[in-house]
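What follows is the residue order along each chain.
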Amino acid sequence: QVRLVESGGGLVQAGGSLRLSCAASGIIFGANVVGWHRQAPGKQRELVAVITSGGSTNYVDSVKGRFTISRDVSKNMVYLQMNSLKPEDTAVYYCNTKFTWATAGTIDYWGQGTQVTVSA
């Protein structure tokens, strides 16, 4: 059974930092593209950052220079370091990956989300 569990969210003042963690079981993160998404109240979910199996990263423009996605293959974890946080970063943050199984095909996996709230 595949499970993704996010942690590390919380309340922080503008300009502060948080590090989100995503722990995977039942799947090897190092073999897949992993993304961090966020969804603010009343808004669509958006992709914030991705890391490929080769370690390449990409970010939405609004977080470039402030957020860093990284991976620890030995721990099967993916992280999102968030610095210089702004009130507009307030959202529920989700970890996501896809895996193609021989029989079941490609399945999209999501964690339960972790709330990040940035006060002005």
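None of these values were measured; they are calculated from a predicted model.

### Overview of the pairing of strand 1 (residues 3-7)
Logical step 1: With burial as the criterion, only one face of strand 1 is covered, namely that bearing Leu4 and Glu6; the residues Arg3, Val5 and Ser7 on the opposite face remain uncovered.
Logical step 2: Note that strand 1 and strand 3 (residues 18-25) share five bridges and pair antiparallel. Note on strand 3: the bridge partner recorded for Arg3 is Ser25.

### Focus on the sheet that holds strand 3
Logical step 1: Pairing is antiparallel across the open sheet formed by four strands, whose spatial order is 1-3-8-7. Each having just a single partner strand, strand 1 and strand 7 (67-72) make up the two edges of the open sheet. Strand-to-strand twist of the sheet, defined as the mean angle between neighbouring strand axes without regard to direction, takes the value 15°.

### Let's talk about the nonpolar core
Logical step 1: Of all hydrophobic cores here, the largest spans 29 residues; its most connected members are Phe29, Trp36, Phe67, Ile69, Leu80, Met82 and Tyr93.
Logical step 2: Within the residue set of this core, elements represented by two or more residues are strand 3, strand 4 (34-39), strand 5 (46-51), strand 7, strand 8 (77-82), strand 9 (91-101) and strand 11 (114-119).
Logical step 3: Here this core takes four residues from strand 3, the largest share from any one element.

### Some words on the pairing of strand 5
Logical step 1: Of the pairings in the sheet, the one linking strand 4 to strand 5 comprises five bridges and is antiparallel in character. Bridging across to strand 5, Gly35 finds its partner in Val50.
Logical step 2: Linkage of strand 4 to strand 5, two consecutive antiparallel strands, is achieved through a turn of six residues, within which Gly42 is found at a positive phi near 75°.
Logical step 3: In this structure, strand 5 lies alongside strand 6 (residues 57-59), joined through three bridges in antiparallel fashion.

### A closer look at the packing of aromatic side chains
Logical step 1: Counted under the stated rule, the structure contains two aromatic pairs.
Logical step 2: Centre to centre, the rings of Tyr94 and Trp110 are 6.3 Å apart; their planes meet at 85°, and the pair counts as edge-to-face. Of the two residues, Tyr94 sits in strand 9 while Trp110 sits in strand 10 (residues 105-110), which places them 16 residues apart along the sequence.
Logical step 3: Relative accessible area serves as the criterion here: at 14%, Tyr94 is assigned to the buried category.
Logical step 4: Of note, Arg19 hangs over the ring of Tyr79, and the distance from its end group to the ring centre comes to 4.1 Å.

### As for unusual backbone geometry
Glycine aside, the phi torsion of most residues is negative, and most peptide linkages are trans.
Logical step 1: Here the phi dihedral of Asn76 falls at roughly 55°; this positive angle occurs in a residue that is not glycine.
Logical step 2: With respect to the element layout, Asn76 can be found in the loop between strand 7 and strand 8.
Logical step 3: Looking at Asn76, the relative accessible area reads 15%, which means it is buried.

Each value, and the rule that gives it
- Residues numbered from 1 in each chain as written.
- Predicted model: local features only at pLDDT ≥ 70, side-chain atom pairs only at ≥ 80, totals over all residues.
- Heavy atoms only, no water.
- Buried < 20%, exposed > 50% of the residue type's maximum accessible area, 1.4 Å probe, protein only.
- Helix = DSSP H or I, 4+ residues; strand = E, 2+ residues; numbered from the N terminus.
- Pairing = 2+ DSSP bridges.
- Axes fitted to C-alpha atoms, helices over the stretch in contact; angles between N-to-C directions.
- Core = buried A, V, L, I, M, F, W, Y, C linked by side-chain atoms within 4.5 Å.
- Phe/Tyr/Trp six-rings, centres within 6.5 Å; stacked < 30°, edge-to-face > 60°.
- Lys NZ or Arg CZ within 6 Å of the ring centre and 35° of its normal.

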